[in-house]
Amino acid sequence: MNSIVEDIKSRIDIIDIISEHVDLKRAGQNYKGLCPFHSEKTPSFIVSPSKQIFHCFGCHKGGDIFAFVMNYENMTFQEAVSYLAQKAGIKMEDFGGYSKSKGIKEGLFAVYKEALIFFQDNLKISKQAISYLKERGLNSDTIERFSIGYSRNDNDSLFTHLKAKGFSLEQIKASGLVIFNTTLNLNGGVYDFFRDRLMFPIFDIQGRTVAFGGRILSAAKNASKYINSSDSIIFKKGESNYALNFAKNSITQKGYAIIVEGYLDAIMCHQYGFTNAIAPLGTTLTSGQLKKLKRFSNKVLLIFDGDTAGISATKRSLELCYAEGMIAKISLLPQGEDPDTFLRKHGEEAFRKYISKAISPVEFMLKFSGKSKLDAVRYMLQLISLCPDLLQQDETLQDLSERSKMNEMILREELKAISNKKHKPAYISKVYKLETSVSGGAIPRACANKEEQILLNIALSFPEHAGIIAESINPQIVEDPLIKGVLEKIKSITGGLDKTLSIENLLSICNEEEQRLVTMLSITSEIDEEHMDEGINDCLKAIARKKLERRIKSAGEAGDVNLLNSLLFEKKSLPANTRPLKGGNLAKN
């Protein structure tokens, strides 16, 4: 994998990749633009072409070309490598690490891509399917954009087509698009899974077809209205959102996602300009789907039908939203309406005005609590207890107190009692990170010791001397665990020798929080090389002095006179005890 990564980096410039998504303008040695990961009006997103890294001083995301693709496209590292390798014209199979499972996945992608083309071609010649789509108000651009197709009312037309295209029986069977059942006396037990259905392809974040949803076209007895592809190694229904590949950029820019119930609801929203709309796959929203969505925004607008089923679906969705620490608002359409029908009847402006009046979860629960306001309050307290974000808890609690006209202190006591109960649903006991920004990325905390931060800054500013700089620092005197971890990684790369540090290699072995610190310090570094040695020695002295002062304070509080005198003597002799850098004056080497 390392050889692929290095080959990719040698062929692709980070400026070229990021420029595809961000309008970058030169600012001195670097480039600056509006951050694609959170909404901002003043550019705080910096890209360094010399160091091949980026850092946003607004949401604090940072890293190399792989980190950018992983964050922007919501990919795993392996997926980002595959994506960038394709852009660089590199064949993954040319490298020894190309696994068998990877080959199986690529085979499935190819099968689904061919099936997509087949279904689209079928639609072009099906007057019935085209007529239905037109009746539903879909225009030609929308049909093409969402790659809608049609599966013929034949037993094995797709199977025959895939065989003719050279796919093996193993690949076709693994796709789930064809059923192999030898107990049936039907074409040798082989038949297409989707027959006589409008086909809605389901894409992954990269825009690859990974599954299909099929809506029955003719009124067949005992046939489900909608069916989906089965889970596979490239598709997990409980973790996939319909139209997220189309909506992801709009969600990031607008700061929230619209969640609707069905395929046609999402498609119609996009057709009318609401391009941040997505739909869950299946009958209900799942935590896995919200986790995927949260990468782009932690705010959602739930739009459901105003009937009993819609209200129940909203309650279930709210429970998941609170458990995932997501901020939700609700817009219930008139009974019998959904986004699809409402937009076709009333148009874009009416829909926009309707959703602008979206209500909070507290308003929703109190409005639909029926006769018992007390039950609604208790239910809201249960929801609040699910939330891992203490600030969100506090804000919702204040809203609940104001709208329910109930004493806030009493509500807080009741919430505390609920939170302290031993028997909670399993998902409540998960460990959540509370320190997040608007965009969902953890904000680098202030370093505990500014001298330690300066030392790390110097090491990153002079990568040719980073190994010796890191070696000169005794890890036992470093107080901040984040800085200590980065310095130890620098040592592991350079071996403590006068060997040039590769910032890219360092980022590849750092965790996410360490990456943010490294990119931030690397881009803001303004260390004067002429005074580098003096700065290092001053920092080491200051760090040692602070450590001694903590020990002196502890000895004084304990009344240990002998230890106190010894430490005071050590403090006086501290400058002579400061360990010098190996290799003499680095600035002159």
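Note: the structure precedes this text.
Residues numbered from 1 in each chain as written. Predicted model: local features only at pLDDT ≥ 70, side-chain atom pairs only at ≥ 80, totals over all residues. Heavy atoms only, no water.

Colleague: Just checking my understanding: could you explain the overall build of the chain for this structure?
Modeller: What the chain contains, in helices and strands, is 26 helices and 16 strands. Across the 589 residues in the chain, those meeting the buried criterion constitute 49%. Put simply, of all contacts in the chain between residues at least 6 apart along the chain, 65% involve residues at least 24 apart. Just so you have it, the chain exposes about 28,800 Å², and 50% of that area is on carbon and sulfur atoms. (Helix = DSSP H or I, 4+ residues; strand = E, 2+ residues; numbered from the N terminus. Buried < 20%, exposed > 50% of the residue type's maximum accessible area, 1.4 Å probe, protein only. Contact = heavy atoms within 4.5 Å. Areas by Shrake-Rupley, 256 points an atom, 1.4 Å probe, with all protein chains shown as cover.)

Colleague: So what exactly am I meant to see when it comes to the packing of aromatic side chains here?
Modeller: Geometrically, a pair of aromatic rings is defined through the distance of the ring centres and the angle of the planes. What the rule picks out here adds up to 25 aromatic pairs. Ring-pair connections join several aromatic residues into one group, and the members of that group are Phe146, Phe200, Phe203, Tyr226, Tyr242, Phe246 and Tyr263. For the cation-ring pair, Lys173 lies above Phe180, with the distance from its terminal atom to the ring centre recorded as 5.1 Å. (Phe/Tyr/Trp six-rings, centres within 6.5 Å; stacked < 30°, edge-to-face > 60°. Lys NZ or Arg CZ within 6 Å of the ring centre and 35° of its normal.)

Colleague: What should I look at first to understand the pattern of salt bridges in this one?
Modeller: Applying the stated criterion to the full structure yields 18 salt bridges. Salt-bridge contacts for Lys291 lead to Glu324; the nearest nitrogen and oxygen are separated by 2.8 Å. In this pair, Lys291 sits in helix 12 (residues 287-294) while Glu324 sits in the loop between helix 13 (308-323) and strand 16 (327-333), placing the two residues 33 residues apart along the sequence. With relative accessibility at 6%, the residue Glu324 sits in the buried group. Salt-bridge contacts for Arg344 lead to Asp340; the nearest nitrogen and oxygen are separated by 3.0 Å. Here Asp340 and Arg344 lie together in helix 14 (residues 339-356), a separation of four residues that amounts to about one turn. Given the relative accessible area of 2%, Asp340 is considered buried. (Salt bridge = Lys/Arg side-chain N within 4 Å of Asp/Glu carboxyl O.)

Colleague: I would appreciate a short explanation of the pairing of strand 3 (residues 45-48) in the present structure.
Modeller: Looking along a regular strand, one sees side chains alternate from face to face of the sheet. Here strand 3 shows a buried face lined by Phe45 and Val47 and a second buried face lined by Ile46 and Ser48. Sheet analysis places strand 2 (residues 30-33) next to strand 3, joined by three bridges and oriented antiparallel. Within the sheet, the bridge partner assigned to Gly33 lies in strand 3 and is Phe45. In the sheet, strand 3 pairs with strand 4 (residues 53-56) via four bridges, with the strands oriented antiparallel. Note on strand 4: the bridge partner recorded for Ile46 is His55. What sits between the antiparallel neighbours strand 3 and strand 4 is a turn of four residues, in which Gln52 has the positive phi angle 55 degrees. (Pairing = 2+ DSSP bridges.)

Colleague: Would you take a moment to explain helix 12 for this structure?
Modeller: Considered for burial, the residues of helix 12 that qualify are Gly288, Gln289, Leu290 and Leu293. Where helix 12 is buried, its residues touch strand 12 (241-242), helix 10 (244-254), strand 13 (257-259), strand 14 (277-280), strand 15 (299-305) and helix 13.

Colleague: Would you mind going over the packing of helix 24 (residues 532-558) against helix 25 (residues 561-572) with me for this structure?
Modeller: Packed helices, taken two at a time, are described by the angle between their axes plus the distance between the axes. Here helix 24 crosses helix 25 at 160 degrees, and the two axes come no closer than 9 Å. The angle between the axes of helix 24 and helix 25 places the two elements in the roughly antiparallel class. Relative to helix 25, helix 24 is oriented so that their crossing is left-handed. Where helix 24 approaches helix 25, its residues Arg545, Leu548, Glu549, Arg551, Ile552, Ala555 and Gly556 are matched on the opposing element by Leu563, Leu564, Leu567, Leu568, Glu570 and Lys571. (Axes fitted to C-alpha atoms, helices over the stretch in contact; angles between N-to-C directions. Parallel < 35°, antiparallel > 145°, perpendicular 65-115°, else oblique. Left-handed = near helix turned anticlockwise from the far one by under 90°.)

Colleague: Please clarify how the pairing of strand 2 should be interpreted in this entry.
Modeller: As paired strands, strand 1 (residues 25-27) and strand 2 are joined by three bridges and run antiparallel to one another. Directly across from Lys25, in strand 2, lies its bridge partner Lys32.

Colleague: Would you explain unusual backbone geometry in this entry?
Modeller: Trans peptide bonds make up most of the peptide bonds, and negative phi angles are found at most residues other than glycine. For Gln52, which is not a glycine, the phi torsion comes out positive at approximately 55 degrees. Within the secondary structure layout, Gln52 lies in the loop between strand 3 and strand 4. Positive phi values are uncommon outside glycine, yet Ser147 reaches one of about 55 degrees. You can see Ser147 is positioned in the loop between helix 7 (140-145) and strand 6 (149-151). Judged by its relative accessible area of 12%, Ser147 falls in the buried class.

Colleague: How should I be thinking about the sheet that holds strand 12 in this particular structure?
Modeller: Strands pair in a sheet through their backbones, by hydrogen bonds, and they do so in one of two ways: parallel or antiparallel. Ordered by their spatial adjacency, five strands build an open sheet running 12-14-13-15-16, and the pairing between neighbours is mixed. At either end of the open sheet lies a strand with only one pairing partner, and these are strand 12 and strand 16.

Colleague: When you look at the environment of Glu408 in this model, what are you seeing that I'm missing?
Modeller: Along the polypeptide, Glu408 turns up in helix 18 (residues 408-419). For the pair Glu408 and Gln398, spaced ten residues apart in sequence, the C-alpha separation works out to 6.9 Å. Those residues in contact with Glu408, other than ones at most four positions away along the chain, are Gln398 and Ser401.

Colleague: Just checking my understanding: could you explain the nonpolar core for this structure?
Modeller: Side chains of a nonpolar character, in soluble globular proteins, are inclined to be buried together. With 61 residues, the main nonpolar core has Phe212, Tyr242 and Phe351 as its most contacted residues. When residues in this core are grouped by element, the largest group, nine residues, is from helix 5 (residues 100-124). Counting 39 residues, the second-largest nonpolar core is a separate cluster that includes Ala257, Val300, Met326 and Ile384. (Core = buried A, V, L, I, M, F, W, Y, C linked by side-chain atoms within 4.5 Å.)

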